[in-house]
Amino acid sequence: MPMRQRIAATAVTALLAGGAVGLAPAAQARDLAPASCYGSANGYLKPAGTYWLPAGDVFSTSSACADINIKPNTNRYVKVCFETNGRLECQADYKLARAGQWNVIATNVRDGARFAFEFRSDAKSTGSWAA
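If you're wondering where the values come from, they're calculated on a predicted model, not measured in any experiment. All chains use their own residue numbering, which begins from 1 and follows the written sequence. Totals for whole chains, interfaces and linings use every residue, but because this is a predicted model, local features are given only for residues with pLDDT of at least 70 and side-chain atom pairs only at 80 or more, for both listing and counting. Hydrogens are left out, water is left out, and the side-chain values use all remaining heavy atoms of the structure.

Moving on, we come to the nonpolar core. General note: in soluble globular proteins, nonpolar side chains tend to be found buried as a group. Counting residues in hydrophobic clusters, the biggest one holds 17 residues, and the most contacted among them are Ile68, Ile70, Phe115, Phe117 and Trp129. Of all the elements in the fold, those that place two or more residues in this core are strand E4 (68-72), strand E5 (76-84), strand E8 (103-106) and strand E9 (114-119). A run of DSSP states H or I qualifies as a helix once it reaches four residues; a run of E qualifies as a strand once it reaches two. Both are numbered from the N-terminal end. A per-element tally of this core places E9 first, with three residues. Setting aside residues up to four positions removed in sequence, isoleucine 70 forms contacts with Tyr44, Val78, Ala97, Gln101, Trp102, Asn103, Ile105, Phe117, Phe119, Ser128 and Trp129. By convention a nonpolar core is built from buried Ala, Val, Leu, Ile, Met, Phe, Trp, Tyr and Cys residues, the set being connected through side-chain atoms within 4.5 Å. The buried label goes to any residue with under 20% of its type's maximum accessible area, the exposed label to any with over 50%, and the partly exposed label to all in between, with areas taken from a 1.4 Å probe on protein chains only. In this description, contact between two residues means that some pair of their heavy atoms is separated by no more than 4.5 Å.

Structure below.
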């Protein structure tokens, strides 16, 4: 290979390697965000006869998650209600939360927001939530 081509190839290889190293931390941050959010998940038990979780109380979001997520053990329709001036203001529609997987119910929620889940059914429900 002539010297000029060898230098160009080496420069391109170094540029590509440097670009890949520069992208690695951003990719790692995206991969770690869900793990740290779900790593701080809480189990729940919503008893039969109520539509609310927690019944008569509210949860609070943390800095671990940007969204409010739920992972029910059975398919459930659920929405989030936010506490505003001592009242609960609910999302307009229920979302289907599929069993055994994380479901985002509310996005881009500020840290420290107070909220509750409202289920469409008063049947018993178990699973996990993270916010």
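Cysteine sulfurs are considered disulfide-paired once they come within 2.5 Å of each other. Enumeration according to the criterion identifies two disulfides in this entry. Note that cysteine 37 is cross-linked by a disulfide to cysteine 65, the S-S spacing being 1.9 Å. As the torsion about the S-S bond is roughly 105°, the cysteine 37-cysteine 65 disulfide counts as right-handed. Taken together, the residues span a long stretch of sequence, with cysteine 37 in helix H1 (residues 3-39) and cysteine 65 in the loop between strand E3 (59-60) and E4 at a distance of 28 residues. Note on accessibility: cysteine 37 and cysteine 65 belong to one class, buried. Each disulfide pairs two cysteine sulfurs, and for cysteine 81 the partner residue is cysteine 90, the sulfurs being separated by 2.0 Å. Note on the cysteine 81 and cysteine 90 pair: the S-S dihedral is about 100°, so by sign convention the disulfide is right-handed.

Looking now at unusual backbone geometry. Leaving glycine aside, a negative phi is the common case for residues, and trans is the common case for peptide bonds. Residue leucine 53 is joined to proline 54 through a cis peptide bond whose omega torsion reads -10°. Note that proline 54 resides in the loop between strand E2 (52-53) and E3. Even without a glycine there, the phi angle at asparagine 85 is positive, about 55°. If you trace the backbone, asparagine 85 turns up in the loop between E5 and strand E6 (87-90).

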